[in-house]
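Architecture and fold: a report
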Amino acid sequence: MDATELLRLYERMALIRRTEKAAHDLFMSGHVKGTTHLAAGHEAIAVGASAALRPDDYVFATYRGHHHALARGATPEECLAELMSRATGLCRAKGGSMHLTKASVGMLGSYAIVGAHLPMAVGAAWSARLRGTEQIAVAFFGDGATNIGAFHEALNLAAVWKLPVLFVCENNLYMEYTPIAEVTAVARPAADRAYAYGIPGEVVDGNDVVLVREAVAGLAERARAGEGPGVLEALTYRHFGHSRADPATYRPAEEVERWLKHDPLDLARARLEALGADTAEADARVEKTVEAAVEAAKNAPAPDPGEALTDVWADGGAAWRT
């Protein structure tokens, strides 16, 4: 990867990191209600994967999905406004932190029910197959979802039908507060299980945006060629607790320190320095963009109660149910 492309990916990761920091600060100051599940530390997975996908490919994420929405093209203002329940939010205040969706850029949602979106990604891949579009669907999920029935059901059906779908596990070592290794029979919860369904399973350093892009590109090419699904287990680490209500005191201090030294932005910055590139201008642009997004979101109007039932059903109403 040349310096120009890597700098573009670095800037996108930096934008996500600073937007997440803004979300944290807005939550702590009372501007964001409910809770948030921050993805600081996971940026290289979203950005690297998105760089390997086509604009019309489909992405499905978990409730820790801010980074995927931003990687696919949602703006910081749209995301922060949604978290703050503003009319200008990504879903006009109907989704909140855990349900960021922007279909126009292929971001088909983040989902609060663990593992529920994996079969949905299989359905999207089946749709692409029927329409002959060569699109692929990508489901991002945490390590805990590999112990959910929907994970196995989705892999099985995708393998049987050889669908163009990728399953990308963001393995941050913890399923909420429990270490995944303590409750799982295999060392690699996603990749080791892929082989049971005849699906190739790969493991990658999820904090290295270049390696993630290469891994996803290879699996995507295979899927578009009709060779079926793939599983990628990306090893990473969240900088914050499971949610903003979690101080993460269950994590060993030396483990946290080790992973913080393996930060996605630091790795990309080191690669850029080796190529003779500087990140100062990119960092300045990111800071300015997010500062403006915060102010715009704060000053955005509240949603109109009269629109509460719009955009809920495909036809604008619920008559089809009867």
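Heads up: the structure comes first, above all this text.
What comes next concerns the included structure.

Reading guide: rules and limits
- Residues numbered from 1 in each chain as written.
- Predicted model: local features only at pLDDT ≥ 70, side-chain atom pairs only at ≥ 80, totals over all residues.
- Heavy atoms only, no water.
- Helix = DSSP H or I, 4+ residues; strand = E, 2+ residues; numbered from the N terminus.
- Buried < 20%, exposed > 50% of the residue type's maximum accessible area, 1.4 Å probe, protein only.
- Contact = heavy atoms within 4.5 Å.
- Areas by Shrake-Rupley, 256 points an atom, 1.4 Å probe, with all protein chains shown as cover.
- Pairing = 2+ DSSP bridges.
- Axes fitted to C-alpha atoms, helices over the stretch in contact; angles between N-to-C directions.
- Arc of directions from axis to C-beta.
- Polar contact = N/O pair within 3.5 Å; in protein donor to acceptor, adjacent residues only side chain to side chain.
- Salt bridge = Lys/Arg side-chain N within 4 Å of Asp/Glu carboxyl O.
- Parallel < 35°, antiparallel > 145°, perpendicular 65-115°, else oblique.
- Left-handed = near helix turned anticlockwise from the far one by under 90°.
- Nonpolar A, V, L, I, M, F, W, Y, C, P; charged D, E, K, R; others polar.
- Phe/Tyr/Trp six-rings, centres within 6.5 Å; stacked < 30°, edge-to-face > 60°.
- Patch = residues over 30% accessible without salt bridge, like charges linked within 9 Å, V, L, I, M, F, W, Y side chains within 5 Å.

Let's shift gears to the overall build of the protein. Per the secondary structure count, the protein includes 11 helices and 8 strands. A buried classification covers 51% of the 322 residues belonging to the protein. Partitioning the intrachain contacts of the protein with sequence separation of at least 6 by distance along the chain shows that 75% fall at a separation of at least 24. Carbon together with sulfur atoms contributes 55% to the accessible area of the protein, which is approximately 14000 Å² in total.

Read across the sheet, 6 strands follow the order β2-β1-β3-β4-β8-β7 without closing on themselves; strand pairing throughout is parallel. Across the chains shown, the open sheet's two edge strands, defined by having one partner strand only, are β2 (107-111) and β7 (201-205). Sheet twist, expressed as the average angle between the axes of neighbouring strands with direction ignored, equals 20°. Where strand β1 (residues 58-62) meets strand β3 (residues 137-142), 3 bridges bridge the pair, whose relative direction is parallel. Opposite Val59, over in β3, you have Val138 as the bridge partner. Together, β3, β4 (165-171) and β8 (230-235) form the strand contacts of helix α6 (residues 149-161), whose direction differs from that of β4 by roughly 150°.

If you check which residues of helix α10 (residues 264-274) are buried, you get Pro264, Leu265, Ala268 and Leu272. Angularly, the buried residues of α10 cover 95° about the axis, an arc narrow enough to put them on a single face. Those residues of α10 that are exposed and aimed more than 90 degrees away from the buried face are Glu273 and Ala274. Check the buried side of α10 and you find it contacts α1 (3-28), α2 (43-51) and α8 (209-224). If you check the start of α10, you find a side-chain oxygen 2.7 Å away from the backbone N of Leu265, and it comes from Asp263.

This brings us to unusual backbone geometry. For Glu134, which is not glycine, the phi dihedral falls at a positive 65°. Its place among the elements puts Glu134 in the loop between α5 (117-131) and β3. The phi torsion at Lys162 lies on the positive side, around 50°, for a residue other than glycine. Locating Lys162 in the fold gives a position in the loop between α6 and β4.

To continue, consider the pattern of salt bridges. Scanning the entire structure with this criterion turns up 14 salt bridges. Of the charged contacts in the structure, one is a salt bridge between Glu11 and Arg285, with a shortest N-O distance of 2.7 Å. Taken together, the residues span a long stretch of sequence, with Glu11 in helix α1 and Arg285 in helix α11 (residues 280-299) at a distance of 274 residues. Among the salt bridges present, the one from Asp263 reaches Arg17, with a minimum N-O distance of 3.1 Å. Residue Asp263 is found in the loop between α9 (253-260) and α10, and its partner Arg17 is found in helix α1; the two are separated by 246 residues along the sequence. Each member of the pair, Asp263 as well as Arg17, carries the same accessibility label: buried.

Where α1 meets helix α4 (residues 76-83), the axes come as close as 11 Å, and the angle between the chain directions of the two elements is 20°. Taken together, the axis directions place α1 and α4 in an arrangement best described as roughly parallel. As for the relative orientation of α1 and α4, their crossing is right-handed in sense. Contacts from Leu15, Thr19, Ala22, Ala23 and Leu26 in α1 reach Pro76, Leu80 and Leu83 in α4. Here the contact of α1 with α4 is composed, by residue class, of 7 nonpolar, 1 polar and no charged.

So, on to the packing of aromatic side chains. Under the defined criterion, the tally for this structure stands at 6 aromatic pairs. The rings of Tyr174, Tyr177 and Tyr250 are connected pair by pair, giving a single aromatic cluster.

Turning to a nonpolar patch on the surface, a few remarks are in order. A grouping of Trp126, Leu130, Leu157, Val160 and Trp161 is seen on the molecular surface, where their side chains present a nonpolar patch of about 490 Å² in accessible area. For the nonpolar patch, the elements supplying multiple residues, two or more each, are α5 and α6. Classification of Trp161 by relative accessible area gives partly exposed; the value is 38%.

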